[in-house]
Amino acid sequence: MDMGQMINAGKSKYSYEETIEKIKAKVEEIGWSVVAEHDMEKKVGVRVYIIELCNKEFAKKALEKPENRWISAFMPCRLAVADNPDGVYVYGMNMGAFAGMVPGELAEILKKVSEVDEAILSSVL
């Protein structure tokens, strides 16, 4: 699998600011939480905004068993909004593809996360 398959990406229908606000609103609407935000323009001078999101129940289920805690390196979920020369793009990890690489119950959790990611992305793409 190449790196392009590991990332979901698409061009937003909205401005940079609107895209950020619509993603945060959708996250709240579906019952997830925004746990952190990183305005990379303020930090490194590049107009990229990273939104970290989480679902407490999914996270707990994924981390309950010590043998599954390696997944914490990929948590929380992140979406990046980038103001590119040809428009605003949203990037996120392709959790559906990642689910195919992990065992058992983690794969099932990641498939559900993938469905949520798709709903969030479809709200702006």
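Look a little higher up for the structure.
Worth saying up front: this structure is predicted, and the values here are computed from it rather than measured.

Conventions adopted
Residues numbered from 1 in each chain as written. Predicted model: local features only at pLDDT ≥ 70, side-chain atom pairs only at ≥ 80, totals over all residues. Heavy atoms only, no water. Helix = DSSP H or I, 4+ residues; strand = E, 2+ residues; numbered from the N terminus. Contact = heavy atoms within 4.5 Å. Expected span 1.5 Å × (residues − 1). Buried < 20%, exposed > 50% of the residue type's maximum accessible area, 1.4 Å probe, protein only. Phe/Tyr/Trp six-rings, centres within 6.5 Å; stacked < 30°, edge-to-face > 60°. Core = buried A, V, L, I, M, F, W, Y, C linked by side-chain atoms within 4.5 Å. Polar contact = N/O pair within 3.5 Å; in protein donor to acceptor, adjacent residues only side chain to side chain.

Q: Quick question: what am I supposed to make of the environment of Ser33 here?
A: Here Ser33 is to be found in strand 2 (residues 33-39). Measuring from C-alpha to C-alpha, the distance between Ser33 and Asn55 comes to 6.4 Å, with 22 residues separating the pair along the chain. Beyond its immediate chain neighbours, meaning those up to four positions away, Ser33 contacts Val27, Glu52, Leu53 and Cys54.

Q: When you look at helix 6 (residues 104-122) in this model, what are you seeing that I'm missing?
A: The end-to-end C-alpha separation of helix 6 is 27 Å, in line with the 27 Å expected for 19 residues at 1.5 Å each. Here helix 6 has its buried residues at Leu106, Ala107, Ile109, Leu110, Val113, Ser114, Val116, Asp117, Ile120 and Leu121.

Q: Looking at this structure, I do not really get the side chain of Lys24. What am I missing?
A: Secondary-structure assignment places Lys24 in helix 2 (residues 16-29). Given the relative accessible area of 19%, Lys24 is considered buried. If sequence neighbours within four positions are ignored, Lys24 has contacts with Val34, Glu37, Tyr49 and Ile51.

Q: How should the packing of aromatic side chains be read in this particular structure?
A: Applying the stated criterion across every chain, the model contains five aromatic pairs. Considering the side-chain rings of Trp70 and Phe74, the 6.4 Å spacing of their centres and the 90 degrees angle between planes classify their relative orientation as edge-to-face. For Phe74, a relative accessible area of 33% puts it in the partly exposed group. Ring centres of Tyr89 and Tyr91 lie 6.4 Å apart, and the angle between their planes is 15 degrees; on these two criteria the pair is classed as stacked. For Tyr89, a relative accessible area of 18% gives the class buried.

Q: Help me understand the nonpolar core, please; the structure alone is not making it clear to me.
A: Inside soluble globular proteins, nonpolar side chains tend to come together where they are buried. Of all hydrophobic cores here, the largest spans 30 residues; its most connected members are Ile23, Trp32, Leu53, Val81, Phe98, Leu110 and Ile120. Those elements that place two or more of their residues in this core are helix 2, strand 3 (48-54), strand 4 (77-84), strand 5 (87-93), helix 5 (95-99) and helix 6. Ranked by residue count, the leading element in this core is helix 6, at eight residues. If we skip the residues at most four places from it in the chain, Ile23 touches Ile51, Leu79, Val81, Val90, Ile120 and Val124.

Q: Would you mind going over the side chain of Glu52 with me for this structure?
A: Positionally, Glu52 belongs in strand 3. According to the relative accessible area criterion, Glu52 is buried, its value standing at 11%. In this structure the side chain of Glu52 is engaged in a polar contact, spanning 2.7 Å, whose partner is the side chain of His38. In contact with Glu52, other than residues within four places in its own chain, are Ser33, Val34, Val35, Ala36, His38, Pro76, Cys77 and Arg78.

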